Amino acid sequence: MSATPALLGKHIVLGLSGGVACYKAAELTRELTKAGATVQVVMTEAALQFITVATMQALSGRAVYTNQWDGREPNHMPHINLTREADAVLVAPASADFIAQLAQGRAGELLALLCLARPQSHDQRCPLLIAPAMNREMWAHPATQRNVAQVRADGATVLGPAAGDQACGEVGDGRMLEAEELRDELIAFFQPQLLAGRRVLVTAGPTFEAIDPVRGLTNLSSGKMGFAIARAAAEAGAQVTLVAGPVHLPTPRGVQRLDVRSAQQMFEAVLPLAPAHEVFIATAAVADWRPAAVAAHKLKKDGSGRAPAIAMTENPDILASVARLPEGQRPWCVGFAAESERVVEHARAKRLRKGIPLIVANHGPSTFGQDHNALVLVHEAGETELPAADKLTLARQLVAEIAQRAPVRR
Ligand code: C5P
């Protein structure tokens, strides 16, 4: 099953102003078209020094515009026509000079002209996003900072820049975000802001319960569902804290992440954080038990043929503990039930046992480590099915359900 392309049906005007980062715009065009968008490239004179029209045309599959006097448009008005069908204008790279032009409302070239001429009224709004790219001194200069602040105040969204190695050999702020990061920023930009300003706490991944310094007990949870939920909540405008067990997954943009290893560490991280959050989503596959004592040294075979007896003790139930916090300190709690049989029946019982308003049932063995899942939301009023889809799609649907159900804390 393939994921629904996240930018399907979106028409993006991708503007390139002059900068070495133009090479990333080629990759960005591919990423946007792969995500389902149609991309209309517009380049400034300076951009033409860094990358060719032929490259951008081949990658976007559309004739590139470079000039406001372009005769291809029947009305000779590319600066008007290009934004009338667009869902957004993304300028990447946005040079210091281009940002200065935007700040002043200049219109000497097609790209600046169409930014000025794009519709701003509510019903036809064509938003502007810019991805600055320049030397760190240029970025830090008060003139640039003043211009960026002005462009922001005029309603543009500024993506990045990042810090790091620069083409000039210097190191600092001013690198354009990578193509995948810009694609994800654009996807996030189009998500409905269902959790705007709300605070969401998520646990994800497995836990690791040490037996001795080199061994331990863990499970097959990959953390993918929890990370997708953290990303979807952040895209929906929430401030997200993610407490993650040992997984190899990148932190979703804008999410604050805390890494832990054992169930006890996860418990100690979550409990003090919980009261400051409105919603708690427990997706972690927390080990129910841990070895009662961790051996100081690696357990050795003693030649007797007998395995060592490992005494176990129960871990604290993080979700149930959060659900027992007093009113006013208790976030609205969502649990996960990964079962191997009679999934919904077990989930119903678990919801009542843990005293939570919503539990999400799924079939553990068929989803752990996979990119797809199917969910059943078990709540007071019954069940809601979210049919099989990729985990990010499901996460966005779940976030929409949570946004509807979780009361806003005053
Ligand atoms: O009790 P069980 O492990 O089946 O419940 C699963 C739900 O409870 C999940 O939401 C999981 O994150 C949470 N849980 C927890 N702490 C535990 C065990 C489970 O938060 N010790």
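**A few points about the domain arrangement of the protein**
The accessible area lost on association of the parts is a frequent measure of interface size.
No. 1: Examined at the domain level, the protein breaks down into domain 1 (11–189) and domain 2 (199–298 + 308–404).
No. 2: Listed as interface residues are six residues of domain 1 and, on the opposing side, four residues of domain 2.
No. 3: Interface area for domain 1 against domain 2, summed over the two sides, is near 420 Å², with a carbon-plus-sulfur share of 44%.
No. 4: Put simply, domain 1 and domain 2 have three salt bridges between them.

**Quick word on the pairing of strand 4 (residues 128–132)**
Taken residue by residue, a regular strand's side chains alternate between the two faces of the sheet.
No. 1: Counting buried positions along strand 4 yields five of five residues, so the element is predominantly enclosed.
No. 2: Here strand 4 shows two buried faces, one formed by Leu128, Ile130 and Pro132 and the other by Leu129 and Ala131.
No. 3: Here two bridges tie strand 4 to strand 5 (residues 157–158), and the two strands are oriented parallel to one another. Counted as the bridge partner of Ile130 is Val158 from strand 5.

**A look at the side chain of Thr44**
No. 1: Along the chain, Thr44 falls in the loop between strand 2 (38–43) and helix 2 (53–60).
No. 2: Ignoring anything within four residues of it in the chain, the contact list for Thr44 reads Leu16, Ser17, Gly18, Phe98, Glu109 and Leu111.

**Some thoughts on the site of the ligand**
No. 1: Near the ligand lie 13 residues; those nearest to it are Ala282, Ala284, Pro316, Phe336 and Lys350.
No. 2: Within the backbone of Ala284, an N or O atom sits 2.6 Å from an oxygen atom of the ligand.
No. 3: At 2.8 Å from a nitrogen atom of the ligand is found a main-chain nitrogen or oxygen belonging to Pro316.
No. 4: Compared with its free state, where it exposes 440 Å², the ligand has 86% of that area covered by protein.

**Brief notes about the sheet that holds strand 13 (residues 279–282)**
No. 1: Ordered in space as 12-11-8-13-16-17-18-19, the eight strands form an open sheet in which the pairing is mixed. Of all strands in the sheet, those bounded by a partner on one side alone are strand 12 (256–259) and strand 19 (382–390). Averaged over all pairs of adjacent strands, the angle between their axes in this sheet comes to 15 degrees, without regard to strand direction.
No. 2: Bridge analysis of strand 16 (residues 332–339) against strand 17 (residues 358–363) gives six bridges, and the strand direction is parallel. Directly across from Glu339, in strand 17, lies its bridge partner His363.

**Comments concerning the nonpolar core**
No. 1: Counting residues in each nonpolar core, the largest one holds 38 residues, and the members touching the most others are Val200, Val240, Ile281 and Ile402.
No. 2: The dominant element in this core, judged by the number of residues it contributes, is helix 9 (residues 224–235), at eight residues.
No. 3: Ranked by size, the runner-up nonpolar core spans 32 residues in total, among them Leu7, Ile12, Cys22 and Leu28.

**Considerations on the sheet that holds strand 2**
No. 1: Strand order in the open sheet formed by five strands is 2-1-3-4-5, with parallel pairing between adjacent strands. In this open sheet, the two edge strands, each paired with only one partner strand, are strand 2 and strand 5.
No. 2: As judged from the six bridges shared by strand 1 (residues 11–16) and strand 2, these two strands associate in the parallel manner. When the sheet's bridge partners are listed, Leu14 is paired in strand 2 with Val41.
No. 3: Here helix 4 (residues 96–104) sits on the sheet in contact with strand 3 (88–94) and strand 4, set at roughly 150 degrees to strand 4.

The rules behind the values
- Residues numbered from 1 in each chain as written.
- Predicted model: local features only at pLDDT ≥ 70, side-chain atom pairs only at ≥ 80, totals over all residues.
- Heavy atoms only, no water.
- Domains from an automatic or database assignment.
- Contact = heavy atoms within 4.5 Å.
- Buried area = accessible area lost by both parts, 1.4 Å probe.
- Salt bridge = Lys/Arg side-chain N within 4 Å of Asp/Glu carboxyl O.
- Buried < 20%, exposed > 50% of the residue type's maximum accessible area, 1.4 Å probe, protein only.
- Helix = DSSP H or I, 4+ residues; strand = E, 2+ residues; numbered from the N terminus.
- Pairing = 2+ DSSP bridges.
- Near = heavy atom within 4 Å.
- Polar contact = N/O pair within 3.5 Å; in protein donor to acceptor, adjacent residues only side chain to side chain.
- Areas by Shrake-Rupley, 256 points an atom, 1.4 Å probe, with all protein chains shown as cover.
- Axes fitted to C-alpha atoms, helices over the stretch in contact; angles between N-to-C directions.
- Core = buried A, V, L, I, M, F, W, Y, C linked by side-chain atoms within 4.5 Å.

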